[in-house]
Each structure stands twice: as C-alpha cells, then as structure tokens.
Amino acid sequence: MPVLTRLIPSPVVVDIRAGALDDLAGVLADQRISHSGRLAVAVSGGSGARLRERISPSLPGATWFEVGGGTLDDAVRLAGEMQSGRYDAVVGLGGGKIIDCAKFAAARVGLPLVAVPTNLAHDGLCSPVATLDNDAGRGSYGVPNPIAAVIDLDVIREAPARFVRAGIGDAVSNINAIADWELANRVKGEQIDGLAAAMARQAGEAVLRHPGGIGENGFLQVLAEALVLTGVAMSISGDSRPASGSCHEINHAFDLLFPKRAAAHGEQCGLGAAFAMYLRGAHEEAAFMAEVLRRHGLPVLPEEIGFTVDEFVRVVEFAPETRPGRYTILEHLALETHQIKDVYADYVKAIGS
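Residues numbered from 1 in each chain as written. Predicted model: local features only at pLDDT ≥ 70, side-chain atom pairs only at ≥ 80, totals over all residues. Heavy atoms only, no water.

Per an unreviewed UniProt entry, the protein chain carries the name Iron-containing alcohol dehydrogenase family protein and comes from Streptomyces sp. 900105245.

### A few points about the packing of aromatic side chains
Put simply, the rule is: Whether two aromatic rings pair depends on their centres lying within 6.5 Å, for rings of Phe, Tyr and Trp, where Trp uses its six-membered ring; planes under 30 degrees apart make the pair stacked, over 60 edge-to-face, and the rest tilted. Only when the NZ of Lys or the CZ of Arg is both within 6 Å of the ring centre and within 35 degrees of the ring normal is a charge said to sit over the ring.
For the structure shown, the criterion picks out 11 aromatic pairs. One aromatic cluster is present, formed by F254, F258, F275, Y278, F307, F312, Y344 and Y347 through successive ring pairs. Over the ring of F163 we find R162, and its NZ or CZ is 4.6 Å from the ring centre.

### As for empty space enclosed by the protein
To keep it simple, the criterion reads: Only protein atoms enter the calculation, which uses a 1 Å grid: trapped sets of points that fit a 1.4 Å probe without letting it out are cavities, open sets showing protein on both sides within 12 Å along at least five of seven lines are pockets, and any residue with an atom within 4 Å of a point is a lining residue. Grid points are joined across faces, edges and corners, and a volume is the space filled by probe spheres set on the points.
Under the defined criterion, the tally for this structure stands at 1 cavity of 30 Å³ or more. Each pocket or cavity is described by its volume, and for the largest cavity that value is around 40 Å³. Along its surface, the largest cavity is lined by G95, G96, P117, N119, A121, H122 and L125.

### Remarks on the pairing of strand β3 (residues 62-66)
What counts, and what does not: For two strands to be treated as a pair, DSSP must find no fewer than two bridges joining them. The helix count covers DSSP runs of H or I at least four residues long, the strand count covers runs of E at least two residues long, and both are numbered beginning at the N terminus. The handedness of a crossover follows from its direction of travel: if, with the strands pointing away from the viewer, the path from the first strand over the helix to the second runs clockwise, the crossover is right-handed.
Of the pairings in the sheet, the one linking strand β2 (residues 39-43) to β3 comprises 5 bridges and is parallel in character. Across the sheet, A42 pairs through a bridge with F65, a residue of β3. Assessed by its sense of winding, the connection that carries the chain from β2 through helix α2 (residues 47-55) to β3 is right-handed.

### Here we look at the nonpolar core
To keep it simple, the criterion reads: By nonpolar core is meant a set of buried Ala, Val, Leu, Ile, Met, Phe, Trp, Tyr and Cys residues that side-chain atoms within 4.5 Å join together. For every residue, the accessible area (1.4 Å probe, protein chains only) is compared with the maximum for its type, and the residue is labelled buried under 20%, exposed over 50%, or partly exposed between those bounds. By definition, residues are in contact when any of their heavy atoms lie within 4.5 Å.
With 72 residues, the main nonpolar core has V207, L223, I250, M289 and Y347 as its most contacted residues. Here the element with the most residues in this core is helix α9 (residues 217-237); it accounts for 11 residues. Ignoring sequence-local partners within four residues, the contact set of V207 consists of I168, A171, V172, F219, V222, L223 and A226. If you look at the next biggest cluster of nonpolar residues, it comprises 24 residues, including V27, I33, A62 and V114.

### What about the side chain of N174?
Under the convention used in this document: The definition of a polar contact used here is a pair of N or O atoms within 3.5 Å, where within protein one atom must be able to donate a hydrogen and the other to accept one, and adjacent residues in sequence count solely through side-chain atom pairs.
With respect to the helices and strands, N174 occurs in helix α7 (residues 174-188). Here A200 takes part through its backbone oxygen, which lies 3.0 Å from a polar atom of the side chain of N174.

### Observations concerning the layout of surface pockets
For the record, the criterion: Three classes are used: nonpolar for Ala, Val, Leu, Ile, Met, Phe, Trp, Tyr, Cys and Pro, charged for Asp, Glu, Lys and Arg, and polar for all others, with Gly counted as polar.
As a volume, the largest pocket reaches approximately 1,400 Å³. If you trace the largest pocket, you find 45 residues lining it, with H122, T131, R138, D255 and H265 closest to the centre. Ranked by the residues each element gives to the lining of the largest pocket, the list is headed by strand β7 (residues 137-142), at 6 residues. Its residues assigned to classes, the lining of the largest pocket comprises 15 nonpolar, 21 polar and 9 charged.

### Remarks on helix α6 (residues 161-172)
Note the threshold: Expected span of a helix: the number of residues minus one, times 1.5 Å.
The terminal C-alpha atoms of α6, which comprises 12 residues, lie 17 Å apart, in line with the 16 Å expected from a rise of 1.5 Å per residue. Inspection of α6 places V164, A166, G167, I168, G169, D170, A171 and V172 among the buried residues, and these make up the whole buried set.

Written as structure tokens, this is what we have:
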C-alpha cells in the first residue's frame, strides 16, 4: 500500500500551561533540540531580561544575547554575534519583536528555534514568518517555524492586558481570512488547503466562542493554543493565507498611511475583520464578532483607536494595494469612496454603539 499522507511542519514540543517556564531546561535537553546544552538565548531588555535571572541557573551552557529592537538590522546583527559560537539551538525569550528577530537569526545561521513568548499579542509566535522593520517600513520574511514553543500562562498573565487583547483580535480575524480564501477559490479558482483552513478557522472560532475573559487561565490556554495552531496552519499552507485576508490588508493600510498613529496589530485586525464580515453580507456574524471584541475591550470602530470616519474610508480604499495579488472581499467589491462611506454607516448601525 502506498503511503498517502504528508509530513506536516510543526513543533516537536508545545508546552502551554501555568509554570511551564520552570521546565524549560527539560524541554531544551530533548536530544532533538540540544544534545550538548550549548544554547544561544535572545532576550529583550524588558520582560525577557527580567526572566533571565530566574532561568539562567538551569541553563549553564547558554550564552545570552540582548536584542535592542525588532528591526532587520537587529536580526542580522544577532545572527552575526551567534555565528562564532557552536550552538545547538536558539531560544527566543520575550515579546513578538524578540521572537521574530530570533526566528530570522536562527534561520540565517541554520539553527532550530525555541519560542518562549512572554505575551500573546499576535499569531507570529509559532509561524514560519518573521516580521521585521526595515528601511522601506516593514517586511515579512519566510523562516522555518519553531522546533518548540513553551508558553507559561503565569508569565502571560503578568504582561499588560492590551497584549492579550491584541492576540484575541488576531485570532478572531482568522474567520474572516478563511472567508476571503473561500471567496478567492470560488471566483478565481485559487487552491485551498483544507487542513490549514480547518485549523485556522477552528482556532478563531474557539476564541470567539469561549465564554471566559483575559484574566482566566482557561481562556488564556485556548488563546495560546489558537495562536500556535494558526502558526502551524500557515506552515502547512506555505503562506499566510489561513490567517491573513482583508482584515490584514486593512491593518497594513493603517500602518502604511498612519505609521505614527497606528494601533496594535491585533486591534486593527479585529476591527478590520468585523467590518469585512459586514462587507461580505455576513451581518449577523459581524455583529456577533463586534460584540465579542467589545466584551474583551477591543475596538470595533475606528474612532475608538483615534481615527476619523474619513481616515478609515481612506484606509479601506487603500487596503488592496498592500497585498498585490491577494484576492479578498475588498478586491471583489472594489468599492468607491462614497460606497465605503455608505457601507460604514450601515455597519455602525448594525453593531450598535
């Protein structure tokens, strides 16, 4: 019998629970990760550095590298510093910028990465993409997805609440991204990877429909799992399609048009997802999504993140230019300025104040 299966790129270890950081050394001692204990640990000057004192005694063979920020230059510099060592693996300990820098640097020197995030702000913690600031603004770079992910819910609870809220917006936006993918399949014949779509959709639905709040471990567990599954879904599909549609085009447009005023990635994606769902005619779904986002303290109107209606209309109009070749409800409708204004007015009425 032929083997009619495929290999799925995914972490060999995913440990999500309260106190997981206390067992990090055991995870790293896995022969598939580090056989000698020689590790390069990238940390930020903030949350990662504060945890260094706690875990460094259990990692005697580690060399620690403090990363200044989340730019391409920072990542290249980190790779250069690590190149002279004989390490088994790289550990990224900190927020999203540090994880992305560590991902890029690890790929550059040919080492596996262990992701140890200190917040849940977005779905990049276990994805095959590193998002880094560069001279042109911000770029996405393909990298191998992490070999392991260790997420300590006690550490996550200590992070500012806005980071958890942003992660909620990013996870919930999967539902809109999959709807866009299905639209591209119907209209353009774009191939859908059913497994990747199922994983990303169910990850988003799990967060959307969970009754808990950001202060509860049960909810944080589901959110962390959803973000990890979304990253694996992107690895399976080979691109960001399972998690990036019109919602992310709107997010990118905010970033490009108003770089100094843009809100958190997940906040903009959640708002964009609710509006895009309304655009596609899924009015009840849009209203429910907006209700859930509001319950978690996330914005659903541009005014709630400091933008006027006219600025938001400009964002929606510009959004398709941010991802040439990606077909979403925005490209499908190709609305003119006055049409966007009219639909937005209807959206506001539908979701209530």
